[in-house]
Structure formats: structure tokens, C-alpha cells
Amino acid sequence: MCDSDDDVVIVGETRAAAEDPTSADDRAAKRPRGGQDLAPDLCNNDAPTIPRPSIAEMKRALDAAGVTYAGMERREMETEFNRVAASTSFIDPPLFRLFTTDHHDLTPNSTGNAGCATLRDVVSGQVRWCVVMNFMIDLPWLLSPDGCPELGAIPKVVWIVDERSTDTGEIHRTKGANRDWTVVTPPVQRFGTHHTKCFVLVYDTGCRVCVHTANLIHGDVHKRTNAMWCQDFPLKSASDLKTCSAESEFEHDLLRYLGALGWKDTSCVVPGMGNGQPVTVGPSAMRRFDFRGAGAKLIASIPGRWTGGDMNCWGHTAVRRALGKRSFPDRFANAPIVCQFTSIGKTTEKWLGEIAESFGAGKIESSGTDDKADDKTDDKATENTNTFFQRASDVARRRLGTGALKLVWPTMGEVRDSNLGYATGGSIPGKVDNITCAHVRSRLHRWRPPTNHGSERPLPAVTDPAGRGKVMPHVKTFARVAKESDDLAWVIVGSHNLSGAAWGKLEKNGSQIAILSYELGVLLTPQMIGPRTTVPFTCTPGAVSHHREAVPRCLCLANVRPASASDGPDDKNNFRVVATAGPAETAGETAGADVVRAPLPYHVPPAAYASSDKPWAIDGHDETADKYGRVMRGKMVDRFG
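Residues numbered from 1 in each chain as written. Predicted model: local features only at pLDDT ≥ 70, side-chain atom pairs only at ≥ 80, totals over all residues. Heavy atoms only, no water.

Side note on empty space enclosed by the protein
Alright, step 1. According to the stated counting rule, one finds four cavities of 30 Å³ or more in the structure shown.
Alright, step 2. In this structure, the largest cavity is lined by Asp253, Arg256, Tyr257, Leu298, Ala300, Cys313, Trp314 and Leu520.
Alright, step 3. Taken together, the elements giving at least two residues each to the lining of the largest cavity come down to helix H8 (249-260) and strand S11 (297-301).
Alright, step 4. The biggest single contributor to the lining of the largest cavity is H8, with three residues.
Alright, step 5. A per-class count over the lining of the largest cavity returns six nonpolar, no polar and two charged. (1 Å grid on protein atoms, 1.4 Å probe; cavity = no way out; pocket = protein on both sides within 12 Å on 5 of 7 lines; lining within 4 Å. Points joined across faces, edges and corners; volume = space filled by probe spheres on them. Helix = DSSP H or I, 4+ residues; strand = E, 2+ residues; numbered from the N terminus. Nonpolar A, V, L, I, M, F, W, Y, C, P; charged D, E, K, R; others polar.)

Laid out in C-alpha cells, this is it:
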């Protein structure tokens, strides 16, 4: 056990878990908590006293341990609660989760779907109203039992979609008389899209925010690799609402983004809310919720040309600003940046340099005295020139600096040998000209490491820990990885692909950034991980959890260890990031630190392309047939058709 709950390790999952994985269907611990019970002192493990547990809290803990408490008096229940609390060891959820995949497609002896989530896990409980943001929605499938039928039971839904990729007319035709559905189509430029994938679900006790990577279609959700980050947030207290004392960066970022979509506040009657009186549904409704414990920094893109302070709000310059405020261990100095994506635009070496500069931002941890020296203003009329340049040199040395970009992109062979063969490449729409140009080809890395066993034999779990070597990606991840291991400084999960349309391009000598698409992701860093809560908050009490986890199966680490308001991004952190598959393997080498899992679905560090590897391209050529008898001749065709 670690010396302090505040010491955190983020680990890229590169091999099978030390303990036997459990099925995603296993019924396990249920340990949620209603929002009104969460007192500030319960979030502090250093509190000198622990309040007497409420009946509701004890029932939830006993549920989690599988203890029957029917007929117990409070004293008996409290005795059982204390016994369970002393003997139960819950594990932390991962930093983010993968979506479950058809188990027939998974690599045997891997972690597979253990710890993963479904759409129905996310859209669960008594949702009063919600916002669904996506690029492509197959509504008949989505409302079917194979999709997420719970959405059809929510009386008020706001659909924010790309009208060129989603049939908005079908949404209007499907809503019927009992559903109050609104469709919002953000204005897009010719080469831009509304590409965001996100749910915002509103409950009586709080709201759930889920940023993910999947189009809401069968092929994406069940047959491709996708990921999500999800956290529940409680209602603000009446005093916090009155004084605005509970505002946070996450709230400001979310309100700014939702407002930029063209979604406006409306007043309407929502069943179960407002005692039958109209309530506000719109961006400003988010002010009701306390986002101070958010375990993520929202990273968004909005179409436009942005200058001045607005440059720091959107695109890769928002990443640059967010990382620039944080410090990391010196082993991440000039460490590589892994960029895993499923579409690529026309790029240049100069633009990749912009990306490397932004993703390379951040400072090297110091003793603290250097920080003060850097920021100190000398009031003397003159300053020793050597001292001035020495300080400038010290500041430069303390920058993490840019690292090599490692671009993870499947090979033609990986797509051909995948669960869907060449057909799955339709969701990886890179073109030959964009993926084979020299400055991209030289940086390419495989989705899975090469193997000498042939395409028909299962991949070893050590090279395919998530079991998705033959389940092609629609997930998008960006991470800074230590040079000699799978240690991670930070991770971004979201909708951004590797393109100027998504991340933006600098113009006018770097004084403005031009963006074409709407995108949303989350930046996850150790500084956003706080001390463990006694009983985590959740909007869905009673929901099923994964084995030994204390939260419903869709929620991530942030609900167990919400960010602490006392820690800022500029604070020096005490976190170690080590290469490990799980806590059991690192007990001796990580004293004083917890291991946090970041389930990247590819091998870390990724394997570079061999000279013989051909990148997948949607307009490529390959006369080797997939298992369905199809070949690539500028497009997918039947070999003998």
C-alpha cells in the first residue's frame, strides 16, 4: 500500500493484467452514493474523524460486499458495515475506459472486455433530459435492443449532429407525440464537420458527462475499438449557486463550448422536474452542477480564426496552454508523443512541427526554488547581464521540449486480417497521398506489433493486452510516453483526428489559429487526480459495477479520486509514472505511489513500420484477398466480381 493516496502513477497497459480477468457480464460491487450526502470532509482522507455512516451509505456498502441486511437494526448494520469496510479492498477504475467489443473478435487470454463499458451503461438510471452530440447516428439501430433503447424513454433529448452525416429528418419523424426532441445542427464550413461525440445526461441529483470516440452506428459500437471518459457531478448547494463560489475551469470550458454550437436555452416542461413548471434546458443549465472535482481538462475545437486569448481556448494551442501550466518528471523531457488517429488530412512537415510544439509543452519538475526565481521581478535599476541570461537558460532547460511524433496507423495487412476485413477500413478514411508522403510515412507505427505466427494464430496477450489486435480502431488517443518504457505523462481521448481541420493551423506568424471542425476531447494528467473519496458520488445508485470497483461500470477514475480544489496545475506534483501492467507486479518498485491504468488499446511503445509494411489507405491497392474474398483496387471490390 502506498504512503499517500495523493501519489499517482499513470500506466499505459501493454500486457495482460496480473490477476485473472473477469467477464464484463460479472455482477460485482455496487457502491454508489447520492449527491446530497457528499460532505467536504468525506473527500479528505486526512480528516481526523470519520462521521457516523448514514443508513443509505451502509446499505450501499453492504450491497457492494454482497451482504444481506434485511431485518437488521442500525447497530447490527453498523457492525457489518465496519467489518466490511475493514476487510474490503476496492480497486481504482481506469483513467478512461474502452467500449466493449463483440467478444468473438477479441484475442484469447487478453483482458478483453473486462473493465469496459457499453452505451447502455452510460445512458442508465432515471435521466430527466439529455444532450447527444455526434457525427453519425443510425437512429433505428440506436433505439433498438442492440443499441441503446434507453434513449427512447428519455422525454427530452437534444440532438446536436452533423446534418450531412445524420438524417435529421428521421429524428423528427421518430420522435412522435410523447417525445420532446430538439435537433441542433451547428454551422460548418465546406471542409469542416461537427465531429464531437459526447453525452450530457441530467438527473435529479446531478449530471453525467461522457466524452467518447464512437459514431452511434452498429459497426462502430460493436465491431471497432472505441473509448470513453465519463464522470458524474453533483448539484451545487443553494449557497454555492447564490455566491458563484463553486465555479470551475471545467464549467467555463463546457459552457463556452456548448454556447459555440448554436444551442440556445429554452424553457419547457420536463416530466419529473420543476413540479410541472417549465425548467431551463440549454447551456446555462450546466451552471447548476458542481464541476470542481472534474478529473479532466476539456480540449475543444470550434470553426473560425481565433486570435489573442481565444487562441488558448481551441485546437492544439489549447493543448499547448494546458500542458504549459503543468510540470512533469524529467524522464519525459523530449519524450516521444504517440498520436493514434483514424483519419488524416493533407499535412506538411511544418504543421507537424506545430503539433509537436504544442504537445511538447510543459515544464520539468523542480525543487520549487527555481520556479520562484523564474517568476521573481528584480526591482533594481540594473541587473547583472550574466545573471539574466543564466535565468533564461534555466527556464529553457526546465521545458520538457518537443519529442518525436510516433503516428499509430494500421497497415494494409492489419486491416485485411481484421474482424471485418477490408470493409472496416471505411472508418479509417486515410488516402494514399496523405498517408504515404515522406514526412508521414517515416513516422508511422503499427496498430499491433508484428508476429511470426501468421495471421490465423492469436496474438500473444503480451503484445495485445486489450485483445483488440484484430479490432480496428475508431478510437483517437494522443499520449506522451517515456523513452524507455510505457510510462505516460498525459493522455488525450476524444474525437480529434490528425488534421488541420480538427486541431487547427497557425497563420500570420503564429498570431492566429484557423480551425474548420467541431471537436471535443479530454486531457488527463496526474495533477487532476485527487485523494480517494470515502464513497464516490454517482447519479445512478444501485448500478452494476465491475469486479472490485466502487462505482458503476461506466464511470472512470475521476469519480473515485476527484480533483482536489487545493491543487493547481502549477503545483509541483509528487507522482511517479512507471511501466507496469498492474499494482500486483509493482509493489516493490512503486513504494509511495499508486498505479493508475490507462488502457491504451495498442502496444506501448508502438512498433515502427518495417520497410515492407504498406499503410492502409481507403484508395489503396492490394491483390491479397481478405477472408471474405475482397481485394483493394482503389476501393474495396470482390476479387472475382
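Looking at the sheet that holds strand S21 (residues 512-515)
The strands that make up a sheet pair up through hydrogen bonds in the backbone, lying either parallel or antiparallel.
Alright, step 1. The three strands lie next to each other as S12-S21-S20, forming an open sheet whose pairing is antiparallel. Here the strands that pair on one side only, and so sit at the sheet edges, are strand S12 (304-307) and strand S20 (505-507). Averaged over all neighbouring strand pairs, the angle between strand axes comes to 30°, with direction disregarded.
Alright, step 2. Pairing geometry for S20 and S21, over three bridges, is antiparallel. Pairing of Lys505 across the sheet is with Ala514, part of S21. (Pairing = 2+ DSSP bridges. Axes fitted to C-alpha atoms, helices over the stretch in contact; angles between N-to-C directions.)

Examining the environment of Thr280
Alright, step 1. In this structure, Thr280 sits in strand S10 (residues 279-281).
Alright, step 2. The exposure class assigned to Thr280 is partly exposed, which follows from its relative accessible area of 41%.
Alright, step 3. A C-alpha to C-alpha distance of 8.7 Å links Thr280 and Val269, two positions eleven residues apart in sequence.
Alright, step 4. Beyond its immediate sequence surroundings of up to four residues, Thr280 is in contact with Trp129, Asp265, Thr266 and Ala285. (Buried < 20%, exposed > 50% of the residue type's maximum accessible area, 1.4 Å probe, protein only. Contact = heavy atoms within 4.5 Å.)

Observations regarding the sheet that holds strand S14 (residues 337-340)
Alright, step 1. Pairing is mixed in the open sheet, where seven strands are placed in the order S11-S22-S19-S18-S14-S16-S17. The two strands at the open ends of the sheet, each matched to only one other strand, are S11 and strand S17 (444-445).
Alright, step 2. Across five bridges, S11 lies against strand S22 (residues 519-524) in antiparallel orientation. Looking at S22, one finds that Ser301 is bridged to Glu519.
Alright, step 3. Where H8 meets the sheet, it contacts S11 and S22, and its direction lies at approximately 20° from that of S11.
Alright, step 4. Against the sheet, helix H9 (residues 315-324) engages S11, strand S19 (488-494) and S22, with an angle of about 155° to S11.

Section: the pairing of strand S5 (residues 180-184)
Alright, step 1. In this structure, strand S4 (residues 156-161) lies alongside S5, joined through five bridges in parallel fashion. Residue pairing in the sheet places Trp159 in a bridge with Val183 of S5.
Alright, step 2. With helix H5 (residues 168-175) bridging S4 and the parallel S5, this β-α-β connection has right-handed handedness. (Right-handed = clockwise from strand over helix to strand, strands pointing away.)

Let's talk about the pattern of salt bridges
Alright, step 1. All chains considered together, the criterion is met by 31 salt bridges.
Alright, step 2. In this structure, Arg305 engages Glu507 in a salt bridge whose closest nitrogen and oxygen atoms are separated by 2.8 Å. A residue pair is termed long-range when its members are at least 10 positions apart, and Arg305 in strand S12 and Glu507 in strand S20 qualify at 202 residues.
Alright, step 3. Residue Arg305 is classed as exposed on the basis of its relative accessible area, which comes to 57%. (Salt bridge = Lys/Arg side-chain N within 4 Å of Asp/Glu carboxyl O.)

Section: the packing of aromatic side chains
Alright, step 1. On inspection of all chains with the given rule, the structure shows 15 aromatic pairs.
Alright, step 2. Taken together, a centroid distance of 6.4 Å and an interplanar angle of 65° make the contact between Trp129 and Trp263 edge-to-face. With a gap of 134 residues between them, Trp129 in strand S3 (residues 129-134) and Trp263 in the loop between H8 and strand S9 (266-268) connect regions that are remote in the sequence.
Alright, step 3. Here Trp129 falls in the buried class, since its relative accessible area comes to 0%.
Alright, step 4. Cluster of aromatic residues (ring-pair linked, three or more members): Trp229, Phe233, Phe250, Phe289 and Phe291. (Phe/Tyr/Trp six-rings, centres within 6.5 Å; stacked < 30°, edge-to-face > 60°.)

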